[in-house]
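Results of the structural survey
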Amino acid sequence: MQKAKKSVHAHIEVSVVIPVFNEQENIAQLGARLLKIMDGVRKGYEIIFVDDGSRDETPQELRKLFVRRSDVVRVVTFNGNYGQYVAILAGFGYVRGDVVVTLDADLQNPPEEIPNLLKKIDDGYDLVGGYRAKRQDSFFRTYASRTINFIRAKATGLEMKDHGCMLRAYKKFIVDEVVKTRETSTFITALAQKFAGNPIDIPVAHDERAAGGSKYNLYKLIRIAFDLLTGFSLAPLQIFTIIGMVISFLSGVYFFVELFKKVIGHHHGYGLHFAFVFLLLSVIILGVGLLGEYLGRAYFAVCQHPRFVIREVLEKKDE
Ligand code: UDP
Ligand code: MG
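Heads up: these notes are all about the structure in this document. Nothing here was measured: the structure is a model prediction, and the numbers come from that model.

So, on to the coordination of the magnesium ion (ligand 2). Coordination of the magnesium ion (ligand 2) by the protein comes from Asp106 (OD) and Gln108 (OE1), over a distance range of 1.9 to 2.0 Å. Note on accessibility: aspartate 106 and glutamine 108 belong to one class, buried.

Structure (structure tokens):
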């Protein structure tokens, strides 16, 4: 005889993806609040934690959670630290739900907001972006994010209120598209926005970090800004080329003006030297710009290497 079905929700409707890096103090509370809220949603669900190479007790904490609720918890563990966005991307590769929700592990994104996101999906939106109406972060962190948001808006031309807020829900097809792209950019939120047909932004609560400090430092933030810029277009390189062209032209004019002055004989000729140096410089800049363009294209074409390496996956085997 067939074994009775364990769960009423055999079909997974919602997959929650959470990147985790050194969050040992937060896992237990996050797990408790998340499980409570998701059990209350009354939909089949799964929670996928992606351990981004944590070096503290995070792996043990995640394992505990998995042992307790292996019916819904899955844990994907990287062999090193690849960054929050790569972790989410990896999680996307495992999702089985019709809707995918992402959030941070530090409880800054209250899990209690998830039903609000899901409600909007039910209303027919295919991407629900949360924006932090009242941000609880340090001045530096908030300001840095604003700057990145500004660059992102310029570089991508995408309308979104707060790409840095990870409390988001996506219909599965968007997530599939994101996984499929071989773009080197790991800027998930902006990438997903590109594929969404009917997105909406809703305000969500933002709490202070439950424990520990931000896992972002200035370097990681700068890396993100560059990822955004170079991942979405070759424009920065092209601007370089254009600057080189403009300087070339101007110094060409300058050169001829100085040459003319010399010929009609009322100058000592230093200007000519300067003009010549500028001309050479501009040729070099132009050359670097051109080189960059080729390199950029080749880079896009060549970057087929794996973006992360998974060491272990904890999940209940299908019976
Ligand atoms: N995170 C990650 N890898 C990293 C940095 C961060 O997986 O290299 C995770 C982190 O554990 C958290 C989320 O990404 O769940 C957001 O990180 P954090 O709270 O430090 O960023 P902030 O709130 O300062 O933007
Ligand atoms: Mg945080």
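Ordered by their spatial adjacency, eight strands build an open sheet running S7-S5-S6-S4-S1-S2-S3-S8, and the pairing between neighbours is mixed. Where the open sheet ends on each side, the last strands, each with one partner, are strand S7 (199-204) and strand S8 (310-314). Neighbour-to-neighbour, the strand axes of this sheet turn through a mean angle of 20°, independent of strand direction. Taken together, the four bridges between strand S4 (residues 99-102) and strand S6 (residues 168-171) define a ladder with antiparallel strand orientation. Opposite threonine 102, over in S6, you have arginine 168 as the bridge partner. Helix H3 (residues 84-92) rests against strand S1 (14-20), strand S2 (45-51), strand S3 (73-78), S4 and S6 of the sheet, and its axis sits at about 150° to S1.

With that settled, consider the pairing of S6. Bridge count between strand S5 (residues 127-132) and S6: three bridges; the pairing is antiparallel. Among the inter-strand pairings, glycine 129 is bridged to a residue of S6, identified as arginine 168.

This part is about the pairing of S4. Residues Val99 and Val101 of S4 are buried on one face, and the alternating residues Val100 and Thr102, pointing to the opposite face, are buried as well. Inspection of the sheet shows S1 paired to S4 by four bridges, in the parallel sense. By the bridge assignment, serine 15 is partnered in S4 with valine 100.

Mapping threonine 189 onto the fold places it in helix H7 (residues 188-195). Judged by its relative accessible area of 0%, threonine 189 falls in the buried class. Within the structure, the side chain of threonine 189 is placed 3.0 Å from the backbone oxygen of histidine 163, a separation counted as a polar contact. The residues touching threonine 189, leaving out its near neighbours within four places in the chain, are Met160, His163, Cys165, Met166, Arg168 and Tyr170.

Geometry of a packed helix pair, given as the angle between the helix axes and the separation of the axes. Direction vectors running N to C along helix H6 (residues 172-180) and H7 enclose 120°, while the axes themselves pass 9 Å from each other. With respect to H7, the element H6 is oriented oblique. The element H6 and its partner H7 pack so that their crossing is right-handed. On H7, the residues that touch Phe173, Ile174, Glu177 and Val178 of H6 are Ile188, Leu191, Ala192 and Phe195. Grouping the constituent residues of the contact of H6 with H7 by class yields seven nonpolar, no polar and one charged.

Before going further, it helps to spend a moment on the pattern of salt bridges. Considering all chains together, one arrives at 17 salt bridges under this definition. Among the salt bridges present, the one from glutamate 23 reaches arginine 209, with a minimum N-O distance of 2.9 Å. A residue pair is termed long-range when its members are at least 10 positions apart, and glutamate 23 in the loop between S1 and helix H1 (27-41) and arginine 209 in the loop between S7 and helix H8 (218-232) qualify at 186 residues. When sorted by exposure, glutamate 23 lands in the same class as arginine 209, which is buried. Here lysine 261 ties to glutamate 258 by a salt bridge, and the two come within 3.4 Å at their closest N and O atoms.

About the cut-offs
Residues numbered from 1 in each chain as written. Chains lettered and ligands numbered in written order. Predicted model: local features only at pLDDT ≥ 70, side-chain atom pairs only at ≥ 80, totals over all residues. Heavy atoms only, no water. Donors = N, O, S within 2.8 Å, 3.2 Å for Na, K, Ca; no water. Buried < 20%, exposed > 50% of the residue type's maximum accessible area, 1.4 Å probe, protein only. Pairing = 2+ DSSP bridges. Helix = DSSP H or I, 4+ residues; strand = E, 2+ residues; numbered from the N terminus. Axes fitted to C-alpha atoms, helices over the stretch in contact; angles between N-to-C directions. Contact = heavy atoms within 4.5 Å. Polar contact = N/O pair within 3.5 Å; in protein donor to acceptor, adjacent residues only side chain to side chain. Parallel < 35°, antiparallel > 145°, perpendicular 65-115°, else oblique. Left-handed = near helix turned anticlockwise from the far one by under 90°. Nonpolar A, V, L, I, M, F, W, Y, C, P; charged D, E, K, R; others polar. Salt bridge = Lys/Arg side-chain N within 4 Å of Asp/Glu carboxyl O.

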